[in-house]
Amino acid sequence: MLQTIKKIGVLTSGGDAPGMNAAIRSVVRTCAFHNKKCYGIYRGYEGMIDGDFIEMDARSVKGIINKGGTVLKSARSKAFRTVEGRKKAYEQLRKAGIDAFVVIGGDGSFTGAMVFNKEFNFPVMGIPGTIDNDIFGTTHTLGYDTALNTVVEVVDKIRDTASSHNRLFFIEVMGRDVGHIAVNVGVGAGAEEILIPEEDLGLDRLLESLRRSKASGKSSSIVIVAEGDKIGKNVFELKDYVDENMSEYEVRVSVLGHMQRGGSPSCFDRVLASRMGVKAVESLITGKSNYMVGLKNDIMELTPFDQAVKGKSKINKELLRVSDIMSI
Ligand code: F6P
């Protein structure tokens, strides 16, 4: 028999991303729309273990759709990786009468939810929120579009100073395991080269490409480097390597870091968050569990957690080719 869900919890977990607040708002309001109670769970799974809950109604999420970060705070919980931690979390949820939850986060957060569901047969649903866009089952994760716009704006600014001084810049962008941000920003900001974890360009080809770029009369060069790039050197070592091998370049490094995770979400992320929240809550209410909601061909679809976690979100190789052609 279908278990009737009356109280739904919502939490943000792992690295924050713009659009998380818009997703919390959507979950809370969809619950209100369907006459379900909604509880915010603070600090991700840490707050679940501590029973750090707050009842939320439609008005408690006013004025947050445009805010970066997450009003519920986030954490990467070590305790939730242990059986004891999860048991405590389960007891806290039962005590508060929460009978399902929506977790907004990345693949680590989904793995936690999946294990929890298996251990306690507890209904769970996921909303993919990470600027890295590294989750299978959705073309866009929450925060990715905003991060692209933030990064492209900054790279444009760096380009201004780079060309005033005829300099080469290595710009490190986020992307621990995937190069989605690097590839899109590389094309969008007209980078000479893009270094990503999925492809090892090799140092020789990098030098060759930079020499070509110099010979073609370019006044500045931008190389976008994803933080997880496997060329074997970090951005500072890359600078040293080019300094040693190409005296014709004056090289500088910019590591953009966590500013990429902040800021007001783009319209795309706000709309996506709103759609994902509705889909997540309505899926739970209709008895579905253990899925992640995602965007595919502009339709909201569900992907089982195990596929979302195991599957690879592939880089668009066409974009790499476009970048090669554009940087001639
Ligand atoms: O997962 C998103 C992300 O921003 C990665 O790109 C980055 O490697 C990581 O989080 C940084 O995590 P933290 O904020 O814990 O240092």
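Right above here is the structure, for reference.
What counts as what
Residues numbered from 1 in each chain as written. Predicted model: local features only at pLDDT ≥ 70, side-chain atom pairs only at ≥ 80, totals over all residues. Heavy atoms only, no water. Helix = DSSP H or I, 4+ residues; strand = E, 2+ residues; numbered from the N terminus. Rg over C-alpha atoms; globule rule 2.2 N^0.38 Å. Buried < 20%, exposed > 50% of the residue type's maximum accessible area, 1.4 Å probe, protein only. Contact = heavy atoms within 4.5 Å. Lys, Arg positive; Asp, Glu negative; His and termini not counted. Charge placed at Lys NZ, Arg CZ, Asp CG, Glu CD. Pairing = 2+ DSSP bridges. Axes fitted to C-alpha atoms, helices over the stretch in contact; angles between N-to-C directions.

### Examining the overall build of the protein
- Scanning the protein from terminus to terminus reveals 11 helices and 11 strands.
- A compact globule built from 328 residues should have a C-alpha radius of gyration of about 20 Å, and the protein, at 22 Å, falls within 12% of that.
- If you line up the protein on its principal axes, its C-alpha atoms span 70 × 35 × 30 Å.
- For the protein, the proportion of its 328 residues judged to be buried stands at 53%.
- Contacts in the protein between residues at least 24 apart in sequence constitute 76% of all its contacts with a sequence separation of at least 6.
- The positive charge centre, built from 44 side chains, and the negative charge centre, built from 41, are 8 Å apart in the protein.

### Quick notes on the sheet that holds strand E4 (residues 100-105)
- A sheet is described by the order of its strands in space; here seven strands give the open sequence E3-E2-E1-E4-E5-E10-E11, paired in mixed fashion. Looking at which strands have only one partner, the edges of the open sheet turn out to be strand E3 (53-56) and strand E11 (299-304). Ignoring strand direction, the axes of neighbouring strands in this sheet form an average angle of 30°.
- Across two bridges, strand E5 (residues 124-128) lies against strand E10 (residues 291-296) in parallel orientation. Bridge pairing in E10 links Gly 126 to Met 292.
- Helix-sheet contacts for helix H1 (residues 20-33) involve strand E1 (7-12), strand E2 (37-41), E3, E4 and E5, and the interaxial angle to E4 is about 165°.

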